[in-house]
Amino acid sequence: MRAVVVRAVGGPEALEVAEVPVPVPGVGQVRVRVEAAALNPVDAATRSGDLVTAGLMAPREVIGVGWDVAGHIDEVGAGTGVFAPGDRVIGLRDRLDVSLGTHAEFVVLDASAVAPAPDRLSSVEAATLPLNGLTALQSLDLLDPKPGATLLVTGAAGAVGGYAVELAALRGVRVVASAAAEDEAFVRSAGARWFVPRSADLADAVRGLVPGGVDAALDAAVVGPPALGAVRNRGAFVSVVAGAAPLPLRGIRVHEQWVAADGAALGRLSSLAGTGQLTLRVAGTVPLQETVRAHYRLAEGGLRGRLVLVP
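Residues numbered from 1 in each chain as written. Predicted model: local features only at pLDDT ≥ 70, side-chain atom pairs only at ≥ 80, totals over all residues. Heavy atoms only, no water.

K.L.:
Quick one: what's the story with the side chain of Thr150, residue by residue and with numbers?
P.N.:
Its place among the elements puts Thr150 in strand 9 (residues 150–154). When its relative accessible area of 4% is taken as the criterion, Thr150 is described as buried. (Helix = DSSP H or I, 4+ residues; strand = E, 2+ residues; numbered from the N terminus. Buried < 20%, exposed > 50% of the residue type's maximum accessible area, 1.4 Å probe, protein only.)

K.L.:
An account of the layout of surface pockets is requested, with residue identities and associated values reported.
P.N.:
By volume, the largest pocket is sized at about 1200 Å³. In this structure, the largest pocket is lined by 46 residues; those nearest its centre are Pro41, Ala220, Val240, Val241 and Arg306. Elements that contribute at least two residues to the lining of the largest pocket include exactly helix 1 (41–48), helix 2 (50–53), helix 4 (130–143), helix 5 (159–170) and strand 10 (174–179). Classifying every residue of the lining of the largest pocket by side-chain character gives 28 nonpolar, 12 polar and six charged. Put simply, the second largest pocket is a space of about 360 Å³. What lines the second largest pocket is a set of 18 residues, and nearest its centre among them are Arg93, Arg95, Val98, Val108 and Leu109. Among the elements that line the lining of the second largest pocket, the one with the most residues is strand 7 (residues 106–110), at four residues. (1 Å grid on protein atoms, 1.4 Å probe; cavity = no way out; pocket = protein on both sides within 12 Å on 5 of 7 lines; lining within 4 Å. Points joined across faces, edges and corners; volume = space filled by probe spheres on them. Nonpolar A, V, L, I, M, F, W, Y, C, P; charged D, E, K, R; others polar.)

K.L.:
Kindly report on the sheet that holds strand 14 (residues 253–256), identifying the contributing residues and their values.
P.N.:
Here six strands make up an open sheet; going across it, the order is 11-10-9-12-13-14 and the pairing parallel. Edge strands, defined here as strands with exactly one partner in the open sheet, are strand 11 (194–197) and strand 14. This sheet shows a mean twist of 15 degrees between the axes of neighbouring strands, independent of strand direction. Where helix 7 (residues 202–209) meets the sheet, it contacts strand 9, strand 10, strand 11, strand 12 (214–219) and strand 13 (231–239), and its direction lies at approximately 160 degrees from that of strand 11. (Pairing = 2+ DSSP bridges. Axes fitted to C-alpha atoms, helices over the stretch in contact; angles between N-to-C directions. Contact = heavy atoms within 4.5 Å.)

K.L.:
I'd like to hear about helix 9 (residues 263–274), residue by residue, with values.
P.N.:
Note on helix geometry: an α-helix contains 3.6 residues per turn, so any two residues three or four positions apart are oriented the same way. Look at helix 9: 16 Å from first C-alpha to last across 12 residues, which is about the 16 Å you get at 1.5 Å a residue. Residues of helix 9 that are buried: Gly263, Ala265, Leu266, Gly267, Leu269, Ser270, Ala273 and Gly274. Taken together, the buried residues of helix 9 touch strand 6 (88–92), strand 8 (114–116), helix 4 and helix 5. Of the residues flanking the end of helix 9, it is Gly276, one or two places downstream, whose phi is positive at about 80 degrees. (Expected span 1.5 Å × (residues − 1).)

K.L.:
A description of the sheet that holds strand 1 (residues 2–6) should follow, citing residues and the corresponding values.
P.N.:
Strands sit in the order 2-1-4 across an open sheet of three strands; the sheet is antiparallel. Each having just a single partner strand, strand 2 (15–19) and strand 4 (63–64) make up the two edges of the open sheet. Pairing of strand 1 with strand 2, which is carried by five bridges, proceeds in the antiparallel orientation. Bridged to Ala3 within strand 2 is Ala18.

Printed below as a string of structure tokens:
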């Protein structure tokens, strides 16, 4: 089968679409025939060697690429219980120490990392949900805002930020969304009560809307201290990028969100997407064979939604 791998880290040209053996599911695992796999910034960081430099993964002779997947169960290992061949699923590969990711024709995942795909949505759309949806959900769980609480979401028009706005609004949280001026209509439609353009002085602008500061901030854009400045004393703050969290000034609880595969939580997200309560955005599709082109396009920036690789 074909799979995207990296043997020597570097720019997009370091990516190789190689012929590799089809993986075999073990106990508690399933094999997914990949129909679509989203491309995320973490894939570029994997390819470039930034994750090795940051100490998040050890050097490997062969590095697999890809976290998100949508497709059909092709084979099940012993003890999987819930899933059977033919089931339409989505899943997340959250381990870094593997030689095969989801940017491939087949991938093996723990059954606990897989959930039924959203009803009435294509595999291309569904492939944009696992990593970013779980990151948003688990970040909100860390912050634990109660109904009526105020929450700042930076990067609110991005993949993680967009889901965070929608999920927070569903919890009855009042959201201040920060994004580019041209994205105001989208973030308001996602459920934001207030909007702050990212060109503004963030802390002052937010405090002008919410005197004393918001109860919590979900920093999807990795703004750092300016976002912390918008939070009230003894509030809460989550950064979604390792090593990017600011110091916990003014008694603010500061967390870094490390996403973890969770089939049960992913199932809840899938249900919300299937009923139209989460917006899945596709920036475009690219054949797996042209993964180098996709990485170059990702590096250009300005995407709304995710590029999706299709075997």
